[in-house]
Amino acid sequence: MHAITVSEPGGPENMRWTEVEDPKAGPGEVVLDVAATAVNRADLLQRQGSYPPPPGASDIIGLECSGRIAEVGPGVDGWTVGEEVCALLAGGGYATKVAVPAAQLLPVPQNVDLVTAGSLPEVACTVYSNVIAKARLSRGETFLVQGGSSGIGTHAIQVAKAFGARVAATANPARFDVCRELGADIVIDYDADVPDELGKATDGHGADVILDNMGAKGLKANVAALAQDGRLMIIGMQGGVKAELNIGALLAKRASVTAMGLRGRPVEGPQGKGAVVGGVREHI
């Protein structure tokens, strides 16, 4: 098969189209003929040498893909050769074939073409595992996503709205209309005083759940924006890794801060990728 490999960490000019060994379907796995993959920030970081794959994962870039099942390994039930699927990967998507645990397969959603489906698993599993499974966003609660026009943000707005939440999003003013079209009830300039603006828009309530990819840079403001019993979910470190946390502010609000990744999880177990993918299939 062919794959895109990285000769050395750096820019896209270091990516090469090369011939590599075909993957085999091990127990519990299938092999896909890849139709499409996607570009995630994690892929860019891996290309630059700052986000290595977890132990045992392919060193080929690509955290999701769509395609057709070419081979079914021992112990796999419910999937057959030729089916069109999309898949959450630990790596290997930038190739013509990829082996993936069957627990990480999703059917292509109705009315979604096969190529578009290649961009669904990573955002869907990230948003579901954080906002729904862990933070337990409920109908009538207020949800804030930082960066509403991003890949994660555009999906999170729609999911939160579908679950009956009041949805707030930060964005560049040029992207306000995009967020509103996707279902955001409140849109705030991300350069503004977000806790103050959110408080005005929610009669002082704030956000029951916040999804944030900035990390350290946004920590103080996010804690300030939380409602009583609020849950802050951190999924990225674009704004740094270290910040001061006001424990008193958390105690006063009975609030929580959780940081969760997806790529390094095991396949099996209650917190594994299989459970996340199963939740996406059932609820999303």
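Scroll up a little and you will see the structure.
Position labels on residues start from 1 in each chain and follow its written sequence. Residues qualify for local features only when their pLDDT is at least 70, as the model is predicted, and side-chain atom pairs are given and counted only at 80 or more; totals for whole chains, interfaces and linings, by contrast, use all residues. The side-chain figures draw on all heavy atoms in the structure; neither hydrogens nor water molecules are used.

All right, on to the overall build of the protein chain then. If you tally the helices and strands in the protein chain, you get nine helices and 13 strands. Its C-alpha atoms give the protein chain principal-axis dimensions of roughly 60 × 40 × 35 Å. Exposed residues in this analysis have more than 50% of their type's maximum accessible area, buried residues have under 20%, and partly exposed residues fall in between, with area computed by a 1.4 Å probe over protein chains only. Scored against the burial criterion, the 284 residues of the protein chain give a buried share of 47%. Counted over contacts in the protein chain with a minimum sequence separation of 6, partners at least 24 positions apart contribute 63%. Working convention for charge: Lys and Arg count positive, Asp and Glu count negative, and His plus the chain ends are omitted. Charged side chains are reduced to one point each, which is NZ for Lys, CZ for Arg, CG for Asp and CD for Glu. One finds the centroid of the 24 positive side-chain charges in the protein chain at a distance of 5 Å from the centroid of its 32 negative side-chain charges. Secondary structure elements follow DSSP: runs of H or I of four or more residues count as helices, runs of E of two or more count as strands, with numbering from the N terminus. Here a residue-residue contact requires only that any non-hydrogen atoms of the pair lie within 4.5 Å.

The term salt bridge refers to a pairing of a side-chain nitrogen on Lys or Arg with a carboxyl oxygen on Asp or Glu at a separation within 4 Å. Overall, the coordinates contain eight salt bridges when judged by the stated rule. Here Lys200 ties to Glu197 by a salt bridge, and the two come within 3.6 Å at their closest N and O atoms. Of the two residues, Lys200 and Glu197 are both situated in helix H6 (residues 194-201); the distance of three residues between them amounts to about one turn of the helix. Looking at Glu197, the relative accessible area reads 31%, which means it is partly exposed. For Asp229, the salt bridge goes to Arg254, with nearest N and O atoms at 2.9 Å. With Asp229 in strand S12 (residues 226-234) and Arg254 in the loop between helix H8 (247-253) and strand S13 (256-259), this pair connects stretches of sequence that are 25 residues apart. For Arg254, a relative accessible area of 53% corresponds to the exposed category. Salt bridges here are not isolated pairs; linked through shared partners, they connect Asp196, Glu197 and Lys200.

As for its placement among the helices and strands, His155 is situated in helix H4 (residues 151-162). Overall, His155 belongs to the buried group, its relative accessible area being 14%. Leave out the neighbours within four places in its chain, and His155 touches Val123, Ala124, Val127 and Ile284.

The buried count for S12 comes to seven of nine residues, which makes it a mostly enclosed element. As paired elements, strand S11 (residues 207-212) and S12 share five bridges and run parallel to each other. Within S12, the residue paired with Leu211 across the bridge is Met233. Here a crossover is taken to be right-handed if, once the strands point away from the viewer, the path from the first strand over the helix to the second is traced clockwise. The parallel pair S11 and S12, bridged by helix H7 (residues 219-225), forms a crossover whose chirality is right-handed. Being paired, for any two strands, means DSSP has found at least two bridges between them. Relative to S13, S12 runs parallel, the two sharing four bridges. Across the sheet, residue Arg231 finds its bridge partner in S13, namely Ser256.

What follows is about the side chain of Gln46. Topologically, Gln46 is positioned in helix H1 (residues 41-47). Assessed through its relative accessible area of 11%, Gln46 is described here as buried. Ignoring sequence-local partners within four residues, the contact set of Gln46 consists of Tyr51, Pro53, Asp59, Ile60, Ile61 and Arg263.

Another point: the sheet that holds strand S10 (residues 186-189). Strand pairing in a sheet relies on backbone hydrogen bonds, with the paired strands running either antiparallel or parallel. Here we have six strands laid out as an open sheet, ordered S10-S9-S8-S11-S12-S13, and parallel in their pairing. Every interior strand has two partners, whereas the edge strands, S10 and S13, have only one. Going across the sheet, the axis of each strand differs from the next one's by a mean of 15 degrees, ignoring polarity. Taken together, the four bridges between strand S9 (residues 166-171) and S10 define a ladder with parallel strand orientation. In the sheet register, Ala169 faces S10, and the bridge partner there is Val187. A fitted line through C-alpha atoms serves as each axis, taken over the contacting stretch for helices, and the angle formed by two N-to-C directions is quoted from 0 to 180°.

Okay, the packing of aromatic side chains next. To pair, rings of Phe, Tyr and Trp, with the six-membered ring standing in for Trp, must have centres within 6.5 Å; the planes then decide the type, stacked if under 30 degrees apart, edge-to-face if over 60, and tilted in the middle. On inspection of all chains with the given rule, the structure shows zero aromatic pairs. In this scheme, Lys NZ or Arg CZ marks a charge over a ring once it lies within 6 Å of the ring centre and within 35 degrees of the ring normal. Just above the ring of Tyr51 sits the side chain of Arg263; from NZ or CZ to the centre is 5.0 Å.

Take the packing of helix H3 (residues 121-134) against H4 next. In the contact formed by H3 and H4, the axes pass within 9 Å of each other and the chain directions differ by 55 degrees. One element, H3, and the other, H4, form an angle in the oblique class. Seen along the crossing, H3 lies across H4 with a hand that is right-handed. Across the interface between the two elements, Val123, Ala124, Thr126, Val127 and Ile132 from H3 touch Gly151, Ile152, His155, Ala156 and Val159 from H4. Lys, Arg, Asp and Glu make up the charged group, whereas Ala, Val, Leu, Ile, Met, Phe, Trp, Tyr, Cys and Pro make up the nonpolar group; the residues left over, Gly among them, are polar. Grouping the amino acids of the contact of H3 with H4 by side-chain chemistry returns seven nonpolar, three polar and no charged. Any angle from 65 to 115 degrees is called roughly perpendicular, while one under 35 is roughly parallel, one over 145 is roughly antiparallel, and all others are oblique. Crossing handedness is read from the near helix: turned anticlockwise from the far helix by less than a right angle, it gives a left-handed crossing, and turned clockwise, a right-handed one.

Attention now goes to H6. For H6, every residue scored as buried is listed here: Val194, Leu198 and Gly199. Along the axis of H6, the buried positions cluster into a sector of 130 degrees, meaning they face one direction only. Among the structural elements, strand S8 (142-145), S9, S10, S11 and H7 are those in contact with the buried residues of H6. Polar contact criterion, stated in full: a pair of N or O atoms within 3.5 Å, where within protein one must be able to donate a hydrogen and the other to accept it, and residues adjacent in sequence count only if both atoms are side-chain atoms. Near the N-terminus of H6, the side chain that reaches the backbone nitrogen of Asp196, with its oxygen 3.2 Å away, is that of Asp193. Once H6 ends, the next one or two residues include Asp203, with phi positive near 55 degrees. Working note: the arc is built from the helix axis to C-beta atom directions.

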